Amino acid sequence: PKLWPQIPQGVKDEILQKVMETQQECFNPIMADIRQNITTILNIKDMCVKRYTEEPMLLINLFQQVGRKEFQFIQRCGAQMGLLLGCAQMGLYFITKGIPWMPWLLLPLSGLIIGNFTN
């Protein structure tokens, strides 16, 4: 530890270069083996599931950050579609209110249609 600062920079560079060459010769086969067997070494799916079940706020934050624009679109679009479809449903009610059994059928049927439409 005390000798390294006293060595001239040229010698340090040469030592570092030799160490890097030697390490690369040893390191390349190891990296090739890891690349070929990565699925047996690391189970990414299991790691993610374990991490997100231990810290569910990470998963919540991930969804909120990734889907921020989509959530805003759904919020804005949902309000406008709800208004439009609610007005259409109200219009159908006024048109068919003379039929005695129609109000009982109109709300569940329009709920089914609107639910499928919005999903």
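Since we're looking at a predicted model, the values are computed, not measured.

**Structural notes on the overall build of the chain**
Phase 1: Tallying secondary structure elements over the chain gives six helices and zero strands in all.
Phase 2: For the chain, the sequential pattern of α-helices and β-strands runs α-α-α-α-α-α.
Phase 3: Here the chain has a C-alpha radius of gyration of 33 Å; the compact-globule value for 119 residues is 14 Å, and the former is much larger.
Phase 4: Projected onto the principal axes, the alpha-carbon positions of the chain cover approximately 100 × 30 × 25 Å.
Phase 5: Counting every position in the chain, which comprises 119 residues, the buried fraction comes to 7%.
Phase 6: Within the structure as shown, the chain displays about 10800 Å² of accessible surface, and the carbon and sulfur contribution to it stands at 67%.
Phase 7: With 11 positive and 9 negative side-chain charges, the chain shows a separation of 15 Å between the mean positions of the two kinds.

**Observations concerning a nonpolar patch on the surface**
Phase 1: Where nonpolar side chains cluster on the molecular surface, the patch consists of F27, I30, I34, I38, I41, L42, I44 and M47 and spans about 710 Å² of accessible area.
Phase 2: Of all elements in the fold, only α1 (9–36), α2 (38–41) and α3 (44–54) reach the threshold of two or more residues within the nonpolar patch.
Phase 3: Residue contributions to the nonpolar patch peak at three residues, all from α1.
Phase 4: With respect to the helices and strands, the residue F27 is situated in helix α1.
Phase 5: A relative accessible area of 47% means that F27 is categorised as partly exposed.

**Observations regarding α1**
Phase 1: Between its terminal C-alpha atoms α1 stretches 39 Å, which fits the 40 Å expected from 28 residues at 1.5 Å a residue.
Phase 2: Taking the largest bend as the criterion, α1 deviates by roughly 30°, centred on F27, and proline P29 comes between one and four positions later.

**Considering the packing of aromatic side chains**
Phase 1: Overall, the coordinates contain one aromatic pair when judged by the stated rule.
Phase 2: On the basis of an interplanar angle of 65° and a centroid distance of 5.7 Å, the ring pair of Y93 and F94 is categorised as edge-to-face.
Phase 3: For Y93, a relative accessible area of 36% puts it in the partly exposed group.

What counts, and where the lines are drawn
Residues numbered from 1 in each chain as written. Predicted model: local features only at pLDDT ≥ 70, side-chain atom pairs only at ≥ 80, totals over all residues. Heavy atoms only, no water. Helix = DSSP H or I, 4+ residues; strand = E, 2+ residues; numbered from the N terminus. Rg over C-alpha atoms; globule rule 2.2 N^0.38 Å. Buried < 20%, exposed > 50% of the residue type's maximum accessible area, 1.4 Å probe, protein only. Areas by Shrake-Rupley, 256 points an atom, 1.4 Å probe, with all protein chains shown as cover. Lys, Arg positive; Asp, Glu negative; His and termini not counted. Charge placed at Lys NZ, Arg CZ, Asp CG, Glu CD. Patch = residues over 30% accessible without salt bridge, like charges linked within 9 Å, V, L, I, M, F, W, Y side chains within 5 Å. Salt bridge = Lys/Arg side-chain N within 4 Å of Asp/Glu carboxyl O. Expected span 1.5 Å × (residues − 1). Bend = angle between axes of the 7 residues up to and from the residue. Phe/Tyr/Trp six-rings, centres within 6.5 Å; stacked < 30°, edge-to-face > 60°.

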